[in-house]
Amino acid sequence: MMLPESPFFKRTCYDYFVKITFVSNFLNHHQLPFCEAMVRLCEGRFTFVATERIPDERKRLGYSDMNESYPFVLREYEEGGRQKAKQAMLDADICLVGSCSFEHHKWLRKAKKTYFMETERFFKGDIPWLIRFLKKIRYFSRYSLYKKNYLLCMSAYTYPDMLSFGAFRGRAFRFGYFPPMETIEDIPSLLNAKAPNSILWVGRLLSLKHPEFMVRLAQALKEKNASFHIEMVGEGPEKERIEAMVAKENLSEYISLTGSLPAKEVREKMKSAKYFCFTSDSNEGWGAVCNEAMNSACLVIANQSIGSVPYLLKDGENGFVYQDSVESFLEAFSRAYETDGQGVVAENAYRTIERLWNAEVAAKRFFEVARCAVEKKPFPRFENGPLSKETKR
């Protein structure tokens, strides 16, 4: 069932166009659909301020320089760009602030502007927990109590991290990354065309993504004499170790390591795969491959500790969720493997993205909230999805 639009949005969105500026390091394909939707809703009164050039590493991986490709992008790093960026922020009715320097926050606070800060979870990485905690307190205690500053959580764990030092209490909303959504007219035909025993894993081969879980999965399935094939797409420092594990366990006929592929080819592989395994740990900020696999009607098996998973997946309804350990992962995959053959869970995954967790819904809701902020009205309440209010877990 399609979600009804808010009466407020239907009544007012074409009567007055809010001017919105979005500040982040550089434009990427996970932000582009949201930005393009905002351009339409604001009738062109939308600016994306790119504070950095796209890193060379991303170019080597085949990513295009989106900073140069879209007319709504203001490049702060060019000559005269910093002053233009500041002016774009101060001229806006509402700002959305992502990865940028603390200086940008100071501009907005000094001008007493209402703005929304988006961020992933804080407490991750290899720095000892206490050092991380002190660094974050020092940085965010300066402005987190500013009552015109709201939090957009790019992870289900952002708000609990913030609450650990009293920041943004009662002023946090669910948000995320919204990669391009593909509309599939005939879901049953897509599901029938998927290879029945195909298992896909996509990501950089890093320790935090635990690609070794796929070797353990192959061992378990082989012991059960199951028919299956695992394809792992990506490059990274763990590749040699995984190749050695595959060779040692005589799994070469069951696991193929494809290497990096362009985004379009990855999406085609997702549409062909029945199962998608997302094995990262709590160091994964959001994890947009989860959106993409669900949009491709895969049976997704994912770790609860990944930032996007508590927002996107409900265990047994539109995917299968496990708790960190390889044993829990294997149990969740077993449940997915034994699920009914009607494709209900996979179709529910697709519908979750099509109807709720996509750029159009996020942009419309953000526009509506921005309007209310400008007019000093109470924010609309959404039961779930983007811009629904975050609560302590």
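What counts and what doesn't
Residues numbered from 1 in each chain as written. Predicted model: local features only at pLDDT ≥ 70, side-chain atom pairs only at ≥ 80, totals over all residues. Heavy atoms only, no water. Helix = DSSP H or I, 4+ residues; strand = E, 2+ residues; numbered from the N terminus. Buried < 20%, exposed > 50% of the residue type's maximum accessible area, 1.4 Å probe, protein only. Contact = heavy atoms within 4.5 Å. Areas by Shrake-Rupley, 256 points an atom, 1.4 Å probe, with all protein chains shown as cover. Expected span 1.5 Å × (residues − 1). Polar contact = N/O pair within 3.5 Å; in protein donor to acceptor, adjacent residues only side chain to side chain. Pairing = 2+ DSSP bridges. Core = buried A, V, L, I, M, F, W, Y, C linked by side-chain atoms within 4.5 Å. Lys, Arg positive; Asp, Glu negative; His and termini not counted. Salt bridge = Lys/Arg side-chain N within 4 Å of Asp/Glu carboxyl O.

Draft legend 1. How the structure looks around the overall build of the protein chain. When you go through the protein chain residue by residue, the secondary structure sums to 16 helices and 13 strands. Counting every position in the protein chain, which comprises 393 residues, the buried fraction comes to 55%. In the protein chain, once contacts between residues fewer than 6 apart in sequence are set aside, the share between residues at least 24 apart is 70%. As displayed, the protein chain offers around 18200 Å² of accessible surface, 50% of which is attributable to carbon and sulfur atoms.

Draft legend 2. Just helix α16 (residues 359-374), in detail. Taking 1.5 Å per residue, 16 residues should reach 22 Å; α16 reaches 22 Å between its end C-alpha atoms and fits that length. Of all 16 residues in α16, 13 are buried, a share of seventy percent or more. Where α16 begins, one side-chain oxygen reaches toward the backbone nitrogen of Glu360, 3.1 Å away; that side chain belongs to Asn358. Of the residues flanking the end of α16, it is Lys376, one or two places downstream, whose phi is positive at about 55°.

Draft legend 3. Seen up close, the pairing of strand β1 (residues 20-24). With five of five residues buried, β1 is to be regarded as a mostly interior element. Because side chains alternate across β1, one face comprises the buried residues Ile20, Phe22 and Ser24, and the other comprises Thr21 and Val23, equally buried. With five bridges connecting them, β1 and strand β2 (residues 46-50) associate as parallel partners. Along β2, the bridge assignment pairs Val23 with Val49. When β1 meets strand β4 (residues 94-97), the two strands line up parallel, connected through four bridges. What sits directly across from Phe22, in β4, is Leu96.

Draft legend 4. Examining the nonpolar core more closely. Ranked by size, the top nonpolar core spans 79 residues in total, and within it Phe34, Met38, Phe276 and Phe366 carry the most contacts. Contact partners of Phe34, with chain neighbours within four places excluded, come to Phe22, Leu96, Phe175, Ala359, Ala362, Ala363 and Phe366. Counting 37 residues, the second-largest nonpolar core is a separate cluster that includes Phe213, Phe228, Leu251 and Tyr350.

Draft legend 5. Broad picture of unusual backbone geometry. Although it is not a glycine, Glu43 sits at a positive phi angle of roughly 50°. Position of Glu43 relative to the elements: it lies in the loop between α2 (32-41) and β2. Unlike most non-glycine residues, Leu387 shows phi in positive territory, near 70°.

Draft legend 6. Representation of the side chain of Arg267 in the model. For Arg267, the position within the fold is in helix α11 (residues 263-272). At 4.2 Å, Glu182 is the nearest oppositely charged side chain to Arg267, a buried residue that forms no salt bridge. Among the polar contacts made by the side chain of Arg267, one reaches the side chain of Asn295 at a distance of 2.4 Å. Apart from the residues lying within four places of it in its own chain, the contact partners of Arg267 are Pro180, Glu182, Glu292, Asn295 and Ser296.

Draft legend 7. Broad picture of helix α14 (residues 326-337). Along its twelve residues, α14 runs 16 Å from first to last C-alpha, staying within 8% of the 16 Å computed at 1.5 Å per residue. Residues of α14 that are buried: Val326, Ser328, Phe329, Ala332, Phe333, Ser334 and Ala336. Buried residues in α14 make contact with β8 (198-202), α9 (212-223), β11 (275-278), β12 (299-303) and β13 (320-322).

Don't take any of this as a statement about function, it's just geometry.
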